[in-house]
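The residues making up each chain are set out below.
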Amino acid sequence: MYENILSILKTKQQADLLVDDLVNLKTLTYKSNGKNINDLITQNLGIETAQEVIKFMATNKPDNFEDFIESLIKAIKSRPVLTLTIAFEPRVKSIDRFHGWITQNVSKDIILDIEVDQSIVGGAQITFKGKYADYSLINILEHELNKNAQQYYKMLNQKENG
Amino acid sequence: MDNQIILFAATLLTAVLGIIIGAVAYSYKKLITKYYVLKDEIERRDAQSKQYSDQVLKEAQARASIINQNAESYQAILKRQMDEQITLASQNYQAAYQQIIDTLKNESIKSIQNISNDIKTDMNSEIKNVLTSLQDEMVRTQTSAIATLKQGLAKSEEDIKLYKQEMYKKIDQSILLIIQNVSYKVIGKAINLEDHEDLVLNALTSAKRQGII
């Protein structure tokens, strides 16, 4: 229903910010008492989001603006979140690449919650719908070294017993 | 008549006294003989026990010398084995690390190709430092182990076995830690932003393949 508006959201941080803005907008609308709603939207939301919201309202003409805002907030909050722990501070282009990949290969509904942890060296740790997987370089490194250590211990034991 | 009786009595008394003195002298002589026999016996036994204790002492010295020799040769063997194992561990970890670098290279992570030499240099110097301190610790612990060895060879062998295992573990943990630190310092800084992004996209692809997302 709100695909065009929601498609702007790529990260949980953006979603949380928009929810705050919408709550604020709802309060202002209540207080404005007849002031042009489109002006309020333009003044209180980001440019792209404001344009999409105005466009949606022009097309769908919701009966009650406040109910529409509530329904939009609910839709934002219900988006599945994929937590991505990465080793570097992402640029906007990085987020576009990750979100683009997810949209293309998994689902358009998912938003990203990006956390930065330099100790993972590279790669990513992924948490989604209660599942967790560690594809970090430090994990690969530990795994390879432990594998090697097991062989090494085996060899030592053979040598001790031999 | 009275004189005759007195003379007879005196003679008889003298004779009895003579017999008594003779008997006493005889028994005294017998006692002296017995004393000398006993004295000889005691001296013989003393000599025997001295000889025995000398023998025991000599044997103990010989055994102590053997234990000492064994301990020293064991120390030499142990040191050689530890040196071999440390070299082997270092080689193994470097090989494992090289394998990881090769894997990353195959995944077209361009930046990593330029840093493997930096990693080797850093890792080698770090490993050398840790191994030097481990060697020092090894010598200290060996000295203590050798002291224990002298007290009882069998128990010490068990101690040394445990000690060796402990040392291997320490070497292993130290090298793992070094590799992690070096990776963090070198790889983390050397990978450029685009390669970082590629690694994250690889992670997402793997997660999808494994049904995580």
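The numbers attached to residues start from 1 for each chain and follow its sequence in the written order. Here chains are named by letter from A upward and ligands by number from 1 upward, in the order in which they appear as written. pLDDT decides what is reported in this predicted model: residues at 70 or higher carry local features, side-chain atom pairs at 80 or more are listed and counted, and totals for whole chains, interfaces and linings draw on all residues regardless. In computing side-chain properties, one takes all heavy atoms of the structure into account and sets aside hydrogens as well as water.

J.: Which parts of the structure should I look at to understand the sheet that holds strand β2 (residues 111–116) of chain A?
T.: To summarise the sheet geometry, strands pair through backbone hydrogen bonds and adopt either a parallel or an antiparallel arrangement. For two strands to count as paired, DSSP must find a minimum of two bridges between them. Going along the chain from the N terminus, every DSSP run of H or I of four or more residues is numbered as a helix, and every run of E of two or more is numbered as a strand. Ordered by their spatial adjacency, four strands build an open sheet running β2-β1-β3-β4 (chain A), and the pairing between neighbours is mixed. Both edges of this open sheet fall to β2 and β4 (131–136) of chain A, since each of them pairs with a single strand only. Neighbour to neighbour, the strand axes of the sheet diverge by 15° on average, direction disregarded. A contact between two residues is defined here by any heavy atoms of the two lying within 4.5 Å. Interaxial angles span 0 to 180 degrees and are taken between N-to-C directions of axes, which are lines fitted to C-alpha atoms, for helices over the stretch in contact. On top of the sheet, helix α2 (residues 12–32) of chain A reaches β1 (81–86) and β2 of chain A; it is set at about 115° to β2 of chain A, its chief contact. Against the sheet, helix α4 (residues 193–209) of chain B contacts β1, β3 (123–128) and β4 of chain A, and its axis sits at roughly 40° relative to β3 of chain A.

J.: Is there a simple way to think about unusual backbone geometry in this case?
T.: Trans is the common state for peptide bonds, and a negative phi is the common state for residues other than glycine. All names here are of chain A. The phi torsion at Lys 61 lies on the positive side, around 45°, for a residue other than glycine. Tracing the backbone shows Lys 61 in the loop between α4 (47–60) and α5 (65–77). A positive phi angle, near 45°, is found at Lys 129, a position not held by glycine. Take Lys 129: it is sitting in the loop between β3 and β4.

J.: Looking at this structure, I do not really get the pairing of β4 of chain A. What am I missing?
T.: Side chains on a regular strand alternate between the two faces of the sheet. All names here are of chain A. Across six bridges, β3 lies against β4 in antiparallel orientation. Bridge pairing in β4 places Gln 125 opposite Asp 134. Between β3 and β4, which pair antiparallel in sequence order, lie two residues; one of them, Lys 129, sits at a positive phi of approximately 45°.

J.: Would you mind showing me how to read the packing of α2 of chain A against helix α3 (residues 37–44) of chain A here?
T.: The packing of two helices is summarised by the inter-axis angle and the distance between the axes. Residue and element names in this part refer to chain A. As a packed pair, α2 and α3 sit with axes 10 Å apart at the nearest point and diverge in direction by 145°. Every pair of crossing elements has a handedness; the one defined by α2 and α3 is right-handed. Residue-level inspection shows Asp 21, Asn 24, Leu 25, Leu 28, Thr 29 and Ser 32 of α2 in contact with α3, the latter providing Ile 37, Leu 40, Ile 41 and Asn 44. Throughout, a crossing is termed right-handed when the near helix is turned clockwise from the far one, and left-handed when it is turned anticlockwise from it by less than a right angle.

J.: So what exactly am I meant to see when it comes to a nonpolar patch on the surface here?
T.: Residue and element names in this part refer to chain B. Each patch groups residues whose relative accessible area exceeds 30% and which form no salt bridge, using 9 Å between like charges and 5 Å between nonpolar side chains of Val, Leu, Ile, Met, Phe, Trp and Tyr. All accessibility values rest on the Shrake-Rupley procedure with a 1.4 Å probe; residue burial counts only the protein chains present in the view. Whenever a carboxyl oxygen of Asp or Glu lies within 4 Å of a side-chain nitrogen of Lys or Arg, that contact is scored as a salt bridge. A grouping of Phe 8, Leu 12, Val 16, Ile 20 and Val 24 is seen on the molecular surface, where their side chains present a nonpolar patch of about 490 Å² in accessible area. Note on placement: Leu 12 falls in helix α1 (residues 2–106). Since its relative accessible area comes to 48%, Leu 12 is described here as partly exposed. The cut-offs for exposure are 20% and 50% of the maximum accessible area for each residue type, with area from a 1.4 Å probe on protein chains only; residues under the lower value are buried, those over the upper are exposed, and the others partly exposed.

J.: Looking at this structure, I do not really get the packing of aromatic side chains. What am I missing?
T.: Two descriptors summarise a pair of aromatic rings, namely the distance from one centre to the other and the angle between the planes of the rings. Residues and elements named next belong to chain A. Only Phe, Tyr and Trp rings are paired, with Trp represented by its six-membered ring, and only when their centres lie within 6.5 Å; those with planes under 30 degrees apart are stacked, over 60 edge-to-face, the remainder tilted. In this structure the tally under the stated criterion is five aromatic pairs over all chains. When the ring of Phe 65 is compared with that of Phe 68, the centres are 6.0 Å apart and the planes differ by 50°; the resulting orientation is tilted. Of this pair, Phe 65 and Phe 68 both sit in helix α5, separated by three residues, roughly a single helical turn. Classification of Phe 68 as buried rests on a relative accessible area of 4%. An aromatic cluster of three or more residues is present, and its members are Tyr 2, Phe 56, Phe 65 and Phe 68.

J.: I tried to follow the nonpolar core on my own but got confused; where do I start?
T.: Residue and element names in this part refer to chain A. Of all hydrophobic cores here, the largest spans 24 residues; its most connected members are Leu 22, Phe 68 and Ile 76. Every element with two or more residues in this core is listed here: α1 (3–6), α2, α3, α4 and α5. Beyond its immediate chain neighbours, meaning those up to four positions away, Phe 68 contacts Tyr 2, Ile 5, Val 53, Phe 56, Met 57 and Pro 62. Core analysis: the second largest hydrophobic core is formed by 23 residues, Phe 88, Phe 98, Trp 101 and Leu 112 among them. Definition used in this section: a nonpolar core is a set of buried Ala, Val, Leu, Ile, Met, Phe, Trp, Tyr and Cys residues joined via side-chain atoms within 4.5 Å.

Worth remembering: the numbers are spatial, not functional.
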